[in-house]
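# Fold and geometry: a report
For reference, the chains in residue letters:
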Amino acid sequence: MVAPAVWLLPEGTGPEPVAWHRHELLFGMTSAAAGGYLLTALPSWTKSGPVPPAVTLFVTCLWCAARLTAAFSDNLPFVVAAIGTSAYFISLTVILAHGVVSSGTWRRLWAPLAMAALGANALSLAACGVSIMSTPLLYVVLIILIGGRAVPAFTHRWLDRTGAAPLRDRPALSYLAMVGVLVTASIEAFRQHPASGYVLMFSGALLALQMKGWQSVSTHRYPALFILHLAFAWTPAGLVLTGLAIVFPDRIAPAGALHALTMGAVGTMMAAMMMRSAMRRDGEALIANGTMACVIGLVSLSALLRILAGLPGEAHSDLVVAAAICWMAAWALFLAVYIPALMGPVPRPVFSAAIGDHVERTGTAKDRSGPLTGRSKSTAQRTH
């Protein structure tokens, strides 16, 4: 909410707007969301208890130290700046790696590897001002890995409950798209090449094809799920737009198109996932209120305005300011609905309705002897 305020300050005051908001969006806000999600998900992967509060507090302090390091990096010795910038990612890498290795859940190895890659990027930026890989595209890979599994999983459960047509998920399309984005992330860190644009467009088309089987339009009847579909839809759209900007830079500004991924895909997915833990639970459903819908709408509008500001022609500084205001308003509303939720007990599972997840884990009565009766459903609630 605070970082884009640099666009509202008089020219010449405060930090340099482009570098400041870019760094804080990618290494401040988004890294906090990634760390928060992974530490929340880790216990369910390893079948252990929640991450100890002391560990969470320690990692949070390192994240705060990284923000101070970024603000005063010009006045700090290189060693101090390097440690302050990368310690947060290093700690996450160690915590996640320990959980994965000790539990033998090797298919989750991508989590510590992703944090290690982001830490290497942060360190490289501090050392020589250049990333090893494209940081925005690394976050896109995380969205494909996390959202590409969570969205169809939540949708599948909802479709089962409502008796609607079954979902058709083709994860192979996600894996192919992810490979394309990773290859492009490695290339784009050093030089832009038209081939990268075509790869990104192909990856976006693969994700759009995968979403076709998710029955996204049908989920408008369940707003808590619908906003997840809207958020994930920004990823294929952003990949295609960024690819077009690389191939046709004279028609679409690459910097403007990139905001479809950073503000659009990353911003909406962060808000949609985090708000799930703050939603009211009604049986097997999560209830998204009007304020939460406004958050997603304002983040999307902010991304759209910023993309339009990058179109060729005269400077669109007013659109940049409008985008910043919409973004700040969105996250102010997010805090308005999220902070009260922090005052109560932590819901378990964090990201979905408890009863539905309990039935999902133990097997529904359909799998066994028929539909759940009122008594058996009540028993399932008490047992959970």
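Above this text sits the structure in question.
Rules used throughout
- Residues numbered from 1 in each chain as written.
- Predicted model: local features only at pLDDT ≥ 70, side-chain atom pairs only at ≥ 80, totals over all residues.
- Heavy atoms only, no water.
- Salt bridge = Lys/Arg side-chain N within 4 Å of Asp/Glu carboxyl O.
- Helix = DSSP H or I, 4+ residues; strand = E, 2+ residues; numbered from the N terminus.
- Buried < 20%, exposed > 50% of the residue type's maximum accessible area, 1.4 Å probe, protein only.
- 1 Å grid on protein atoms, 1.4 Å probe; cavity = no way out; pocket = protein on both sides within 12 Å on 5 of 7 lines; lining within 4 Å.
- Points joined across faces, edges and corners; volume = space filled by probe spheres on them.
- Core = buried A, V, L, I, M, F, W, Y, C linked by side-chain atoms within 4.5 Å.
- Contact = heavy atoms within 4.5 Å.
- Expected span 1.5 Å × (residues − 1).
- Nonpolar A, V, L, I, M, F, W, Y, C, P; charged D, E, K, R; others polar.

The final tally for this structure, using the stated rule, is 2 salt bridges. As a salt-bridge pair, Arg-161 and Glu-284 come within 3.7 Å of each other at their nearest N and O atoms. Here Arg-161, found in helix α5 (residues 135-162), pairs with Glu-284, found in the loop between β1 (280-282) and β2 (285-287); they are 123 residues apart in sequence, far enough to count as distant. According to the relative accessible area criterion, Arg-161 is partly exposed, its value standing at 35%. Residue Glu-284 is classed as partly exposed on the basis of its relative accessible area, which comes to 21%.

In this section: empty space enclosed by the protein. Sizing a probe to match a water molecule and rolling it over the atoms shows the empty space that remains. Enumeration over the complete set of coordinates arrives at 2 cavities of 30 Å³ or more. Taken as a whole, the second largest cavity encloses approximately 70 Å³ of empty space. Going through the elements one at a time, α1 (17-46), α2 (53-71) and α3 (78-103) are the ones with two or more residues in the lining of the second largest cavity. For the lining of the second largest cavity, the leading source of residues is α2, giving 4 residues.

A word on the nonpolar core. Within the largest apolar cluster, 90 residues are counted, with the highest numbers of intra-cluster contacts made by Met-115 and Met-275. When residues no more than four places from it in sequence are discounted, the contact partners of Met-275 are Ile-227, Met-292, Val-295, Ile-296 and Phe-334.

With 23 residues, helix α9 (residues 254-276) extends 32 Å from end C-alpha to end C-alpha; this agrees with the ideal 33 Å at 1.5 Å per step. Of all 23 residues in α9, 19 are buried, a share of seventy percent or more.

Our next topic: the layout of surface pockets. Reported here for the second largest pocket is a volume of approximately 1300 Å³. Lining the second largest pocket are 45 residues, with Ala-19, Arg-22, His-23, Leu-26 and Leu-125 sitting closest to its centre. For the lining of the second largest pocket, the elements supplying multiple residues, two or more each, are α1, α2, α3, α4 (110-128), α5, α8 (223-247) and α9. Here the lining of the second largest pocket gets 9 residues from one element, more than from any other, and that element is α1. When the residues that make up the lining of the second largest pocket are grouped by side-chain class, the tally is 26 nonpolar, 14 polar and 5 charged.

No statement about biological role is implied by the geometric values presented.
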